[in-house]
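# Structural description and commentary
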2 protein chains.
Amino acid sequence: MGGDRGPAAVVAGMAESAEKNPDIRFIVHGPRAELEALISRRSGLAERCDIRDAAGVVTMDDKPSQVLRKGEGTSMWSALESVRSGEAVAAVSCGNTGALMALSMLRLRKLPGVNRPAIACLWPSRNPQGFNVMLDCGADIRADAQDLITYALMGMSYARNGLGLARPRVGLLNVGTEDHKGRPEMKQAHEMLPAIAETANFDYVGFVEGGDLPSSRVDVIVTDGFTGNVALKTGEGTAKLVGEFMREAFANSILSKFAALLAMTSLKRLQKRMDPRRVNGGIFLGLNGTVVKSHGSADATGNAAAIKLAYELGKSGFQDRLAARVAQSIALGAAVNDKKSDSEGAA
Amino acid sequence: MGGDRGPAAVVAGMAESAEKNPDIRFIVHGPRAELEALISRRSGLAERCDIRDAAGVVTMDDKPSQVLRKGEGTSMWSALESVRSGEAVAAVSCGNTGALMALSMLRLRKLPGVNRPAIACLWPSRNPQGFNVMLDCGADIRADAQDLITYALMGMSYARNGLGLARPRVGLLNVGTEDHKGRPEMKQAHEMLPAIAETANFDYVGFVEGGDLPSSRVDVIVTDGFTGNVALKTGEGTAKLVGEFMREAFANSILSKFAALLAMTSLKRLQKRMDPRRVNGGIFLGLNGTVVKSHGSADATGNAAAIKLAYELGKSGFQDRLAARVAQSIALGAAVNDKKSDSEGAA
């Protein structure tokens, strides 16, 4: 029920997904009458939907703290309950991000060993898979060394299951690649990650910079949620600006307008490659259940992309693999800490 | 002598500048024989240059701490000395940023009242002036509330003198625009800035997000140097990626190649608008002297842009205006603090 475009855009996205994936089914949460009216307009969709009546709506302006107190009875709460009960393999929402994360933590609870859950997003890149993973994109504005290590392991697991990479390369976002750069918690994680990478079977490439987000030297970029959120929005804003400048450049003369007409296919391919709707769907990592956050302004195509992501992660059994990975991380963290205090004791 | 392209690119930039600005003169620092050879190849340049022999070179890999200990006798040290003595109105360098900032702080000293100097950069934007100012771009990875307020005042002064804006609009970079978002030091600065803006005659627009960096709702974006550096490099990296994707799109078929040929003028205009070399020149704010940091990989055009910025700021008497502005900031800060403790006392 949330999102800037309301439930019509969500139902339109469901219809797109239903057409492409014959075995997908939906549990839809919100005011029954409104949802029934929207769903009945799409042929064949009603048979694949269970509607759960929920009168309340979390608005885009509600503060997470308010939602935690008064969220029961909202469509968001109801959607998370269906994941909690095991009825649904994943929840998809384009509502208020802060409220969704707060309610997810309250109802689904954090995985044992996870201190701060994270939001992972996909970033268009020069890699063969077309995208890199960045996390945290804004679940929490803080992250200590242990959080960054957990993000590395969760992001790596997501890249393995979501992008099909056997041995993901993980980097830590910093203001330079030299060992002495960055904040204390980053230096600490940087020291611990090589040993963890060796045991957990991924490559740690060290510090990376903002310019490496789309680069082919890394698959997973780890950072705190403040930096990640600013980077994400800066990247989106820059891509949008270049797109506007390009349109203005082509609208400038008759000749350039004619050229744009000739290059239509190429320009459309470019647009598709940069289209944020194609990579729509931040995923919440570190909870007992899969939650996909669709963009607040997502349209039918955007919501279909988010649903597709949830569907594929559900099919791959990602949630269990992630939990196993985090459990391993705890064991590894303990091992690394033991080793560290051993060597400190010896020094 | 620093930079990725060595002194040849610097001298080429000087030659470009000299042609455009008949009254510009240079004091050039480095090994005399090498510089004389490079300068003598450019007609008319030698007469406008004083060479200061300096055998040492700060390399791009030197740590700032090393340079502080052993920097005397380097071309970077010598260039800063010419600003310190008043012989030069500004120093321009495309060398090691960390070392340049450390040496600048050592030799030029911070302006009274400035705790952390900042690097300000220009960001292509939708504003009539074509650019927004962002600071800090990486001088210091930390910033407390008072630093953020000083950045706001220095950035505002730079926008007034460098971009000719009578009443710059200043925003604070955050992960959302709501008052309750962000780190504690940001919330504190956010509370204090409306009163300071009123007295110092600028507009405080409140929190802005990464997507607002190129926006027309703000002229000056204030943030800590960690976030600023990541945002800057993310923006550059994204613009570069879009450019590559565009070239690939146009190289895709005979038709699109033909279209690219027809649209050449428009594409060149677009490229010029996004060209980072045109906005080359981060400026160090908060020191007793003007230092312009040219990009490490700057070519002749890039270095000419950095020299032009130094030249225009020198002509406008920017350094004195900035010092006056910071002095006012100290008085204002005291006033705001007094007011605050008054009202706290009354409450």
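Just so we're clear, the structure is a prediction, and the values are computed from it rather than from any experiment. (Residues numbered from 1 in each chain as written. Chains lettered and ligands numbered in written order. Predicted model: local features only at pLDDT ≥ 70, side-chain atom pairs only at ≥ 80, totals over all residues. Heavy atoms only, no water.)

In the predicted model, chain A carries a mean pLDDT of 88, and 91% of its residues have values of at least 70. Here residues 341-347 of chain A scores under 50 on pLDDT; set against residues more than four positions off or in separate chains, the count is zero contacts. (pLDDT = per-residue confidence, 0-100. Contact = heavy atoms within 4.5 Å.)

Okay, the pairing of strand β4 (residues 118-124) of chain A next. Residues and elements named next belong to chain A. Counted residue by residue, β4 has seven buried out of seven residues, so it is predominantly covered. On β4, burial covers both faces: Ala 118, Ala 120, Leu 122 and Pro 124 on one face and Ile 119, Cys 121 and Trp 123 on the other are all buried. Sheet topology note: the β4/strand β9 (residues 282-285) ladder contains three bridges and is antiparallel. For Ala 120, the partnering residue across the bridge sits in β9 and is Ile 283. Taking the residues that link successive antiparallel strands as the turn, the β4-strand β5 (residues 131-135) hairpin has six residues, and the phi of Gly 130 there is positive, at about 85°. (Buried < 20%, exposed > 50% of the residue type's maximum accessible area, 1.4 Å probe, protein only. Helix = DSSP H or I, 4+ residues; strand = E, 2+ residues; numbered from the N terminus. Pairing = 2+ DSSP bridges.)

Contact residues are listed per partner, giving 54 residues for chain A and 54 residues for chain B. The interface formed by chain A and chain B contains six salt bridges. For the pair chain A and chain B, the interface holds eight residue pairs in polar contact (both at pLDDT 80 or more). Sorting the residues of the side of chain A that touches chain B by element identifies β4, α8 (225-250), α9 (254-262) and α10 (264-274) of chain A as the ones contributing at least two each. At 21 residues, the largest contribution of residues to the side of chain A that touches chain B is made by α8 of chain A. When the residues that make up the side of chain A that touches chain B are grouped by side-chain class, the tally is 27 nonpolar, 16 polar and 11 charged. (Salt bridge = Lys/Arg side-chain N within 4 Å of Asp/Glu carboxyl O. Polar contact = N/O pair within 3.5 Å; in protein donor to acceptor, adjacent residues only side chain to side chain. Nonpolar A, V, L, I, M, F, W, Y, C, P; charged D, E, K, R; others polar.)

Before going further, it helps to spend a moment on the sheet that holds strand β5 (residues 131-135) of chain B. Residue and element names in this part refer to chain B. The eight strands lie next to each other as β3-β10-β9-β4-β5-β8-β6-β7, forming an open sheet whose pairing is mixed. The strands lining the two open edges of the sheet, one partner per strand, are β3 (90-93) and β7 (203-208). With direction set aside, neighbouring strand axes in the sheet form an average angle of 25°. Strand direction decides the pairing type here: strand β4 (residues 118-124) and β5, joined by five bridges, are antiparallel. Directly across from Cys 121, in β5, lies its bridge partner Met 134. Against the sheet, helix α5 (residues 97-108) contacts β3, β4, β9 (282-285) and β10 (290-293), and its axis sits at roughly 175° relative to β10. (Axes fitted to C-alpha atoms, helices over the stretch in contact; angles between N-to-C directions.)

This part takes up the pattern of salt bridges. All names here are of chain A. Under the definition given, this model contains 32 salt bridges over all chains. Of the charged contacts in the structure, one is a salt bridge between Glu 81 and Arg 84, with a shortest N-O distance of 3.4 Å. A residue pair is termed a helical-turn pair when its members lie 3 or 4 positions apart in one helix, as Glu 81 and Arg 84 do in helix α4 (residues 75-84) at three residues. The class for Glu 81 is partly exposed, based on a relative accessible area of 24%.

Residues and elements named next belong to chain A. Between Leu 135 and the following residue, Asp 136, the backbone shows a cis peptide bond with an omega angle of 0°. With respect to the element layout, Asp 136 can be found in the loop between β5 and α6 (145-162). Unusually for a residue other than glycine, Asn 201 sits at a positive phi of about 65°. Summarising the element assignment, Asn 201 is placed in the loop between α7 (184-200) and β7 (203-208).

Counting residues in hydrophobic clusters, the biggest one holds 78 residues, and the most contacted among them are Val 133, Met 134, Leu 135, Tyr 158, Phe 202, Val 222 and Leu 285 of chain A. Looking at this core, the element that brings in the most residues is α6 of chain A, giving 10 residues. Among residues more than four places away in sequence, those in contact with Phe 202 of chain A are Leu 153, Met 156, Arg 167, Pro 168, Val 170, Leu 193, Ile 196 and Ala 197 of chain A. In terms of nonpolar packing, the next biggest core, distinct from the first, is built from 76 residues, Leu 148, Ala 159, Leu 173 and Ile 196 of chain B among them. (Core = buried A, V, L, I, M, F, W, Y, C linked by side-chain atoms within 4.5 Å.)

Turning our attention to the environment of Arg 48 of chain B. All names here are of chain B. Along the chain, Arg 48 turns up in the loop between α2 (32-40) and β2 (49-53). Sequence separation between Arg 48 and Thr 223 is 175 residues, and the spatial gap between their C-alpha atoms is 39 Å. In this view, Arg 48 contacts Ala 18, Asn 21, Pro 22, Asp 23, Ile 24, Arg 25 and Phe 26; residues no more than four positions away in its chain are not counted. Within polar-contact distance, the side chain of Arg 48 engages the backbone oxygen of Ala 18 at 3.2 Å.

Next up on the list: the environment of Asn 288 of chain A. Residue and element names in this part refer to chain A. Relative to the helices and strands, Asn 288 resides in the loop between β9 and β10 (290-293). Taking the C-alpha atoms as reference points, Asn 288 and Ala 55, 233 residues apart in sequence, are found 26 Å from one another. The residues touching Asn 288, leaving out its near neighbours within four places in the chain, are Leu 108, Arg 109, Lys 110, Leu 111, Pro 112 and Gln 319. At 3.2 Å, the side chain of Asn 288 and the backbone oxygen of Leu 108 are in polar contact. A polar atom in the side chain of Asn 288 sits 3.3 Å from the backbone oxygen of Lys 110.

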